Amino acid sequence: MTDAHHPGPPAALPTGTGRGLGPFVALPPERFAAEHWDRAPLLTRAAELPAPTHGFGPDAVDELLSRRGLRTPFLRMAKEGSTLEARELTLGGGVGASITDQVSEDKVLRHFADGATIVLQGLHRTWAPVSDTARGLSTALGHPVQVNAYVTPPQNRGFDDHYDVHDVFVVQVSGEKHWRVRPPVLEAPLRGQPWTDRRDEVRAAAEQEPVVDAVLAPGDCLYLPRGWLHSATALGGTSIHLTFGVHVWTGRTLADDLLAAAGRVLDDDLALRRALPPGVDVLDPATAAAARAAVRDSVVAALDAVSDEDLAAALARRARAAERAEPLGVLAQHAAADAEVGPRWRVRAGLAARWEGTTLVTRVGRTSFGADEADDVAAVLDGRVAPDALAPELRRRLALAGLLVSGPSSP
């Protein structure tokens, strides 16, 4: 694989890479970061990887479709490049469940038999082992991860050549699928640059020779950076694969937050709040030209006024909204918090914790502390003090706030 489609220096090593990448790639993390991350596809065969941890297969598909009361958009189906209407897949829930859009396994069966692909979306929210694996990958890469399952009938290509606007790790679960991967028509596309905006370019590029032309068997994993064209065809029997989608943070993410923060600074600029003079002709380009220099100076000053802390806080808000913390059992947590002989506690995974003074801001909310308490909680979050060493009442507060959980460490 050449670097012709990714000019510039190698990507930096994703923060924390290691354990969470283990189920997906066999390369050392540094080599994956330098040669493939955000740069080029990588196919890893099952023999090079540890036993799968996702716990997903045909039985899981059947349980989700028939016994979990799924609603759209947790399910969608596609045939010949088009997505079926949600009403074609759903029914009412029956007596005592007045929900009109629950998945109907009977409708799904008919469409599947007719050649439609089943897509189980947001699987990181509905299947616990997949959720654990996704959380480990997200922790390793430092970028949010979501998971879909694609269940494709025999000899069927679920989707035409296209590209995604997020990276994917494709994990073949059962059956076989023939994948063809071609170089991007747009390098590193952003979320607002979907392949549907470049249909003609994609169609032409799909005629090129693929750089990856391989059959994935159970346990194989294919990493595709965003933008790389791909299509896949099921071979023989039904194919099931998982896509772990990595929604990468980019420099544009920071730029958007910087510009938004600068905009709030500009709201305080009285000169910019003043009305343009009476009789102004906003259709005359000279009007904008005359004001451009002064406006530009104000914008530059506003950008300079945004502190590193302001920008970091904006990115932290994005991170908290992008994923959820490790799941916890409500009743078990409540009982453990009040137990006279309590369990061993640990910090809940995935909190994305950040201090604002003595208030701890996390994915589960805002919790305020006294100065001494904040020092103790910070020591726990930093790993300097075990949660069990906290004063019982403070530990109980942290447990009921969802900041501590009991049990073994999460991925």
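Residues numbered from 1 in each chain as written. Predicted model: local features only at pLDDT ≥ 70, side-chain atom pairs only at ≥ 80, totals over all residues. Heavy atoms only, no water.

Undergrad: I tried to follow the pairing of strand S2 (residues 75-79) on my own but got confused; where do I start?
TA: The side chains of a regular strand alternate, residue by residue, between the two faces of the sheet. Taken together, the 4 bridges between S2 and strand S6 (residues 117-120) define a ladder with antiparallel strand orientation. Across the sheet, residue Met77 finds its bridge partner in S6, namely Ile118. Bridge analysis of S2 against strand S3 (residues 82-83) gives 2 bridges, and the strand direction is antiparallel. Residue pairing in the sheet places Lys79 in a bridge with Ser82 of S3. (Pairing = 2+ DSSP bridges. Helix = DSSP H or I, 4+ residues; strand = E, 2+ residues; numbered from the N terminus.)

Undergrad: Would you explain the nonpolar core in this entry?
TA: In globular proteins that are soluble, nonpolar side chains generally tend to be buried together. Counting residues in hydrophobic clusters, the biggest one holds 44 residues, and the most contacted among them are Phe56, Leu120, Leu123, Phe169, Leu242 and Phe244. Among residues more than four places away in sequence, those in contact with Leu242 are His54, Phe56, Leu123, Val130, Val147, Asn148, Ala149, Phe169, Val170, Val171 and Val173. One finds Ala337, Leu351, Leu394 and Leu404 within the second-largest nonpolar core, a separate group that totals 16 residues. (Core = buried A, V, L, I, M, F, W, Y, C linked by side-chain atoms within 4.5 Å. Buried < 20%, exposed > 50% of the residue type's maximum accessible area, 1.4 Å probe, protein only. Contact = heavy atoms within 4.5 Å.)

Undergrad: I would appreciate a short explanation of the pairing of strand S8 (residues 167-182) in the present structure.
TA: Extensive coverage of S8 is indicated by the burial of 13 of its 16 residues. Across 14 bridges, the pairing between S8 and strand S11 (residues 229-246) is antiparallel. The residue bridging Val181 from the neighbouring strand is His230, located in S11. Relative to strand S10 (residues 221-224), S8 is paired through 4 bridges, and the arrangement is antiparallel. Across the sheet, the residue bridging to Phe169 is Tyr223, located in S10. Note: S8 against strand S9 (residues 212-216), 5 bridges, orientation antiparallel. Residue pairing in the sheet places Val181 in a bridge with Val212 of S9.

Undergrad: Could you clarify how one ought to interpret the environment of Gly22 in this entry?
TA: Tracing the sequence through the fold places Gly22 in the segment before helix H1 (29-35). For Gly22, a relative accessible area of 25% puts it in the partly exposed group. If sequence neighbours within four positions are ignored, Gly22 has contacts with Leu49 and Pro50.

Undergrad: Sorry if this is basic, but what is going on with the sheet that holds strand S13 (residues 354-356) here?
TA: Across a sheet, strands are paired by hydrogen bonds formed along the backbone, either parallel or antiparallel in direction. Ordered by their spatial adjacency, 3 strands build an open sheet running S13-S14-S15, and the pairing between neighbours is antiparallel. Taken across any chain shown, the strands that pair with only one partner, and hence form the sheet edges, are S13 and strand S15 (365-368). Averaged over all neighbouring strand pairs, the angle between strand axes comes to 30°, with direction disregarded. Bridging between strand S14 (residues 359-362) and S15 involves 4 bridges; their strand directions are antiparallel. From the neighbouring strand, Leu360 faces S15, where its bridge partner is Thr367. Along the sheet, helix H11 (residues 371-381) makes contact with S13 and S14, crossing S13 at roughly 165°. (Axes fitted to C-alpha atoms, helices over the stretch in contact; angles between N-to-C directions.)

Undergrad: Help me out: how do you make sense of the packing of aromatic side chains in this one?
TA: A ring pair, where both rings are aromatic, is described by two values, the distance of the centres and the angle of the planes. Here the structure, examined in full by the defined rule, presents 9 aromatic pairs. Geometrically, the ring pair formed by Phe24 and Phe244 is edge-to-face, given 4.9 Å between the ring centres and 75° between the ring planes. Of this pair, Phe24 sits in the segment before H1 while Phe244 is found in strand S11, placing the two residues 220 residues apart along the sequence. The same class applies to Phe24 and to Phe244, which are both buried. Put simply, the rings of Phe24, Phe32, Trp37, Phe169, Tyr223 and Phe244 pair up and form one aromatic cluster. The ring of Trp195 carries Arg199 above its face, with NZ or CZ at 4.9 Å from the centroid. (Phe/Tyr/Trp six-rings, centres within 6.5 Å; stacked < 30°, edge-to-face > 60°. Lys NZ or Arg CZ within 6 Å of the ring centre and 35° of its normal.)

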